[in-house]
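Architecture at a glance
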Amino acid sequence: RVAPVALEDVTPGSDSLYVLAFRDVSELRRIERMRSDFVANASHELRTPLASLRGFIETLQGPARSDPLAHERFLGIMFDQATRMSRLVDDLLSLSRLELKAHIAPDQTVDLKPLIGHVRDTLLPLAEELGVEIRTHLPDAKVEVLGDRDELVQVFENLIENACKYGQEGKVVDVFVRSEPSQPVEVSVVDCGPGIPAEHVPRLTERFYRVSVADSRSKKGTGLGLAIVKHILTRHRARLIVKSEVGKGTAFTVRF
Ligand code: ADP
């Protein structure tokens, strides 16, 4: 913004003070655009299941009013749609809370061994449903990092759940916790799934980014999981390293 003053009005030695201020607004514009894209995406993601719910309700009130089979089937679909919306709202809330505390470093001492065990236990029913075995490989000693326990649970739940969902049925998901003297602590989640083509890897942590259309139709998810993971890890000053080979599998490593 330029102060509304003509340069010839600035008389040296006069007691008026003029300020000429220039500010590059391109970064602000970029953030503004990202924000409005985000709102548009979030609204779209909520609108789709809502429209479908309305459609089913109308059908149940009208043509299918006295058809018990249709009732059962449609109510099942409506339940799934409502669950999807709850998940989406939970993820949106998580992201907005994380944004609020982005500048505060977490300071609890967290032992990663019981934490990974807890995440594995939580995901056992899903793994069983998908025909995947989760194997953990933990060192004998404690593996302590500075962090926020609940947020780290969220990180590893997301990574291990993804490995189960996008990995191959009947295969194993390996979780390695490494803690060597004078080396950074690392946790790797490795699957034997179809892998991720290289051009998608840099975009995985963008909000609502999903690799294939088939994923968005068949696999339950919001496309926000890895965006949440990235926010949490940034707050923890930890890195997410993705190594993937198409046809072989994917390894997501968190390096503290
Ligand atoms: P979603 O809710 O879709 O799982 P995420 O942000 O967790 O969202 O993941 C984004 C996308 O990255 C997924 O839709 C999927 O296409 C891809 N992806 C994530 N993890 C894996 C994996 N282990 N193997 C293959 N693709 C993956």
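Just above, that's the structure.
The structure contained in this document is the topic of the report that follows. (Residues numbered from 1 in each chain as written. Predicted model: local features only at pLDDT ≥ 70, side-chain atom pairs only at ≥ 80, totals over all residues. Heavy atoms only, no water.)

1. Re the pairing of strand S6 (residues 239–245)
Threshold: By the convention used here, strands pair only if DSSP detects at least 2 bridges between them. Secondary structure elements follow DSSP: runs of H or I no shorter than four residues count as helices, runs of E no shorter than two count as strands, and numbering proceeds from the N terminus.
Pairing of S6 with strand S7 (residues 249–255) involves seven bridges; the strand directions are antiparallel. Across the sheet, Glu245 pairs through a bridge with Gly249, a residue of S7. Linking S6 back to S7 in an antiparallel pair, the connection comprises three residues, with Gly247 at a positive phi of about 90°.

2. Description of the environment of Gly195
Put simply, the test is: The cut-offs for exposure are 20% and 50% of the maximum accessible area for each residue type, with area from a 1.4 Å probe on protein chains only; residues under the lower value are buried, those over the upper are exposed, and the others partly exposed. Residue contacts follow a heavy-atom distance rule, with two residues in contact if any of their heavy atoms lie within 4.5 Å.
Mapping Gly195 onto the fold places it in the loop between strand S5 (186–191) and helix H5 (213–218). For Gly195, a relative accessible area of 19% puts it in the buried group. C-alpha of Gly195 to C-alpha of Leu93: the two residues are 102 residues apart in sequence and 30 Å apart in space. The contact partners of Gly195, leaving out residues within four places of it in the chain, are Ser244, Glu245, Val246, Gly247, Gly249 and Thr250.

3. Observations regarding the pairing of strand S3 (residues 144–147)
Side chains Val145 and Gly147 project from S3 onto a buried face, and the interleaved Glu144 and Leu146 project onto a face without burial. Bridge count for strand S1 (residues 108–111) against S3 is four bridges, and the pairing is antiparallel. Looking at the pairing, Gln108 lines up with Gly147 of S3.

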